[in-house]
Amino acid sequence: NGNDNGNDNGNDNGNRNNEILCTVAPGRVNLIGEHTDYTGGFVFPMAIEFSTVCVGKGSIVRNSNSNAVSVSKVISANAKGSRVISFDSSSVEMMTPLSRQDTDSWSNYVAGVVQQYMKELSKCGCSISLEIAICGDVPLGSGLSSSASLEVAVATFIEKVIEKSNSDLNLNLNLKLGGMKETALRCQAAENEFCGAPCGIMDQYVSVTANKGSAIMIDCRSLEYQTISMGDTDTTSNPSDVDDGKPVFLICNSNVKHSIGGGEYPIRVTQCADATKHFRSIHGDGVVSLRDVSLAMVAAATKKGSSSSTDDADDDADVTLRRAKHVVAENERTQKAALALANGNWAAFG
């Protein structure tokens, strides 16, 4: 999970703005629960050892100080010849994302997180100034959540800067910090609003909450989660099984690139939203998300639709119902999978 490590290089007057900070946050792999986080369902991911690290310094700036300058600077230590990217962090309004075609667009994930904290800092008459070097070994575009890893590492860094400024400068900033739920939600909002990627909460939440040796069962509606460790091999269902230890998860990089902000993902998000509206129109406002839809409801809607004539509209309706069926069934599978893992029933887990 997101951690920090500070080395106090402050001067004698107690101002520790020059203190070097280091934060880290992991990537993740999702064991089961696809397209269920943004539909209010269940997901079952776990963190991996690949991670993103932020090293640098930062300070909170009082906007009443006419000599203060709030500029944030970031650089990637991964790429040769990478340059320092600067952006104005003096106000929420001054921060705008770079085009996705821009070679420096990766910095949107940093600026987006900064903007989320600036929304609160500006209410206190403050802004933030950062200097961060970033490196990581989460393969980019591989489905292991390199963006969420970056966001959570940056958020943890910012929270440490705010925490120290509160203590050292008596700013009395009334921010709810240190709460894993709040951190994950800010990072998700950064990706949704600033980066234009319609992701759910899973990636950011597991990066914040993960523990070594365990997977995380997340209820994406309530944001409650359960840490689940592998159980010992269950031989009761098949006595011929040999309890020769716990299996391992092997993660393979296919080198196929994908982006939450582009491709099929946003289309699937829209289709699932359409499915939610469809069932709400039939069953009322009790259908807040596909979490509230049952397989019986999907079956009834499918049966009704199959009796109508076939045209483009019916084809779209068929896709919508198939998306709903997947999500509803996936929620059931995810809950069963978590139980199977905890009980060491590897055959049932799959």
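Just above sits the structure.
The residue count restarts for each chain, going from 1 along the sequence in the order it is written. Local features in a predicted model are, by the rule used here, given only for residues with pLDDT of at least 70; side-chain atom pairs are given and counted only at 80 or more, and totals for whole chains, interfaces and linings are based on all residues. With hydrogens and water stripped out, all remaining heavy atoms of the structure feed into the side-chain values.

Peer 1: Is there a simple way to think about helix 4 (residues 202-209) in this case?
Peer 2: Residues three or four positions apart in an α-helix share a direction because the helix packs 3.6 residues into each turn. Between buried and exposed lies partly exposed: a residue is buried under 20% and exposed over 50% of the maximum accessible area for its type, with that area taken using a 1.4 Å probe on protein chains only. Secondary structure follows DSSP: runs of H or I at least 4 residues long count as helices, runs of E at least 2 residues long count as strands, and numbering of each begins at the N terminus. When you tally the buried positions in helix 4, you get eight out of eight residues, the bulk of the element. For helix 4, every residue scored as buried is listed here: M202, D203, Q204, Y205, V206, S207, V208 and T209.

Peer 1: Would you take a moment to explain the nonpolar core for this structure?
Peer 2: In a soluble, globular protein the nonpolar side chains are often hidden away together inside. Take the buried Ala, Val, Leu, Ile, Met, Phe, Trp, Tyr and Cys residues and link them wherever side-chain atoms come within 4.5 Å; each set so joined is a nonpolar core. V110, V114, I128, L130 and I158 are the most contacted members of the largest nonpolar core, which has 45 residues in total. It is helix 2 (residues 146-169) that provides the largest number of residues to this core, a total of nine residues. Those residues in contact with L130 that sit more than four places away from it in its chain are K57, G58, V71, S72, K73, V114, F157, I158 and V161. I260, V269, V293 and V327 belong to the second-largest nonpolar core, a separate cluster that totals 19 residues. Should any heavy atoms of two residues lie within 4.5 Å, those residues are counted as being in contact.

Peer 1: Help me out: how do you make sense of the pattern of salt bridges in this one?
Peer 2: Charged atoms that come close allow side chains of opposite charge to pair. The salt bridge definition used is simple: a Lys or Arg side-chain nitrogen within 4 Å of an Asp or Glu carboxyl oxygen. As enumerated under the stated definition, the model contains ten salt bridges in all. Between D219 and R291 there is a salt bridge, and its shortest N-O distance comes to 2.9 Å. One end of the pair, D219, is in strand 7 (residues 214-219); the other, R291, is in the loop between helix 5 (264-283) and helix 6 (295-306), and 72 residues separate them in sequence. Residue classification places R291 among the partly exposed positions, given a relative accessible area of 24%. A salt bridge links D318 to R322; the nearest nitrogen and oxygen atoms lie 3.3 Å apart. Of the two residues, D318 and R322 are both situated in helix 7 (residues 312-343); the distance of four residues between them amounts to about one turn of the helix. Its relative accessible area of 39% is what places D318 among the partly exposed residues. R322 gets classed as partly exposed once you look at its relative accessible area, which sits at 44%.

Peer 1: I'm lost on unusual backbone geometry in this one. Help?
Peer 2: Outside of glycine, negative phi angles account for most residues, and trans bonds account for most peptide bonds. Of note, H35 is a non-glycine position whose phi angle comes to about 65°, a positive value. Position of H35 relative to the elements: it lies in the loop between strand 2 (20-32) and strand 3 (42-62). At S145, a residue that is not glycine, the phi angle is positive and equals roughly 65°. Considering the arrangement of structural elements, one finds S145 in the loop between strand 6 (126-136) and helix 2.

Peer 1: Where do I start with the packing of helix 3 (residues 180-194) against helix 4 in this structure?
Peer 2: Think of two packed helices as two axes; the pair is described by the angle between the axes and how far apart they sit. Axis definition: a line fit to C-alpha positions, over the contact stretch in the case of helices; interaxial angles, taken between N-to-C directions, run 0 to 180 degrees. Where helix 3 contacts helix 4, the two axes come as close as 8 Å, and the packing angle between them is 145°. Regarding helix 3 and helix 4, the two cross each other, and that crossing is right-handed. In this structure, helix 3 contributes M180, K181, T183, A184, C187, Q188 and E191 to the contact, and helix 4 contributes Q204, Y205, V208 and T209. For the contact of helix 3 with helix 4, the residue count by class is five nonpolar, four polar and two charged. The handedness criterion is simple: a crossing whose near helix is rotated anticlockwise from the far helix by less than a right angle is left-handed, and one whose near helix is rotated clockwise is right-handed. Here the nonpolar group is Ala, Val, Leu, Ile, Met, Phe, Trp, Tyr, Cys and Pro; Asp, Glu, Lys and Arg are the charged ones; every other residue, Gly included, is treated as polar.

Peer 1: Help me understand the layout of surface pockets, please; the structure alone is not making it clear to me.
Peer 2: Here a cavity is any set of points on a 1 Å grid over the protein atoms alone where a 1.4 Å probe fits but cannot get out, and a pocket is any open set with protein on both sides within 12 Å along at least 5 of 7 lines; a residue lines the site when it has an atom within 4 Å of a point. Grid points are joined across faces, edges and corners, and a volume is the space filled by probe spheres set on the points. The computed volume of the second largest pocket comes to approximately 630 Å³. Lining the second largest pocket are 24 residues, and of these A47, I48, E49, K212 and G213 lie nearest its centre. At the level of elements, strand 2, strand 3, strand 7 and strand 8 (225-229) are the ones that each hand at least two residues to the lining of the second largest pocket. Of the residues forming the lining of the second largest pocket, the biggest block, five residues, is contributed by strand 3. Grouping the constituent residues of the lining of the second largest pocket by class yields 15 nonpolar, seven polar and two charged.

Peer 1: Looking at this structure, how should I read the state of the cysteines?
Peer 2: Cysteine pairs can be linked by a disulfide, which is a covalent bond between their two sulfur atoms. Here, the term disulfide refers to a pair of cysteine sulfur atoms separated by no more than 2.5 Å. The tally for this structure, following the rule as stated, stands at zero disulfides. Summary of cysteine pairing: C195 is not part of a disulfide, and the nearest cysteine sulfur, belonging to C199, is at 8.7 Å.

Peer 1: It is not clear to me how the packing of aromatic side chains should be interpreted in this structure. Could you clarify?
Peer 2: Note on aromatic contacts: the rings of Phe and Tyr and the six-membered ring of Trp form a pair at centre separations within 6.5 Å, being stacked when their planes are under 30 degrees apart, edge-to-face when over 60 apart, and tilted otherwise. One pass over the full model with this rule turns up three aromatic pairs. Between the aromatic rings of Y205 and Y225, the centroid separation amounts to 5.8 Å while the plane-to-plane angle is 85°, which identifies the pairing as edge-to-face. In this pair, Y205 sits in helix 4 while Y225 sits in strand 8, placing the two residues 20 residues apart along the sequence. Residue classification places Y205 among the buried residues on the basis of a relative accessible area of 3%.

Peer 1: How should I be thinking about the side chain of S207 in this particular structure?
Peer 2: The topology assignment puts S207 in helix 4. A distance of 2.9 Å separates a polar atom in the side chain of S207 from the backbone oxygen of P26. Identification of polar contacts relies on pairs of N or O atoms within 3.5 Å, with a donor-acceptor requirement for protein atoms, meaning one able to donate a hydrogen and the other able to accept it, and with residues adjacent in sequence counted only if both atoms are side-chain atoms.

Peer 1: I'm lost on helix 3 in this one. Help?
Peer 2: Over its 15 residues, helix 3 extends 21 Å from the first C-alpha to the last, a length consistent with the 21 Å expected when each residue adds 1.5 Å. Every buried residue belonging to helix 3 is among T183, A184, R186, C187, Q188, A189, A190, E191 and F194, and all of these are buried. Immediately beyond the C-terminal end of helix 3, within one or two residues, lies G196, with a positive phi of roughly 70°. A helix is expected to span 1.5 Å multiplied by its residue count minus one.

Peer 1: Looking at this model, I keep getting lost on the packing of helix 1 (residues 108-121) against helix 3. Mind explaining?
Peer 2: Two numbers describe how helix 1 lies on helix 3: the axes approach to 8 Å, and their chain directions differ by 120°. The pairing of helix 1 with helix 3 is recorded here as oblique in orientation. The two elements helix 1 and helix 3 meet at a crossing, and its hand is right-handed. Residues N108, Y109, A111, G112, V113, Q115, Q116, Y117, K119 and E120 of helix 1 touch helix 3, and the partners they reach there are T183, R186, A189, A190, E191, E193 and F194. When the residues that make up the contact of helix 1 with helix 3 are grouped by side-chain class, the tally is seven nonpolar, five polar and five charged. In what follows, roughly perpendicular refers to angles from 65 to 115 degrees, roughly parallel to angles under 35, roughly antiparallel to angles over 145, and oblique to any angle outside these ranges.

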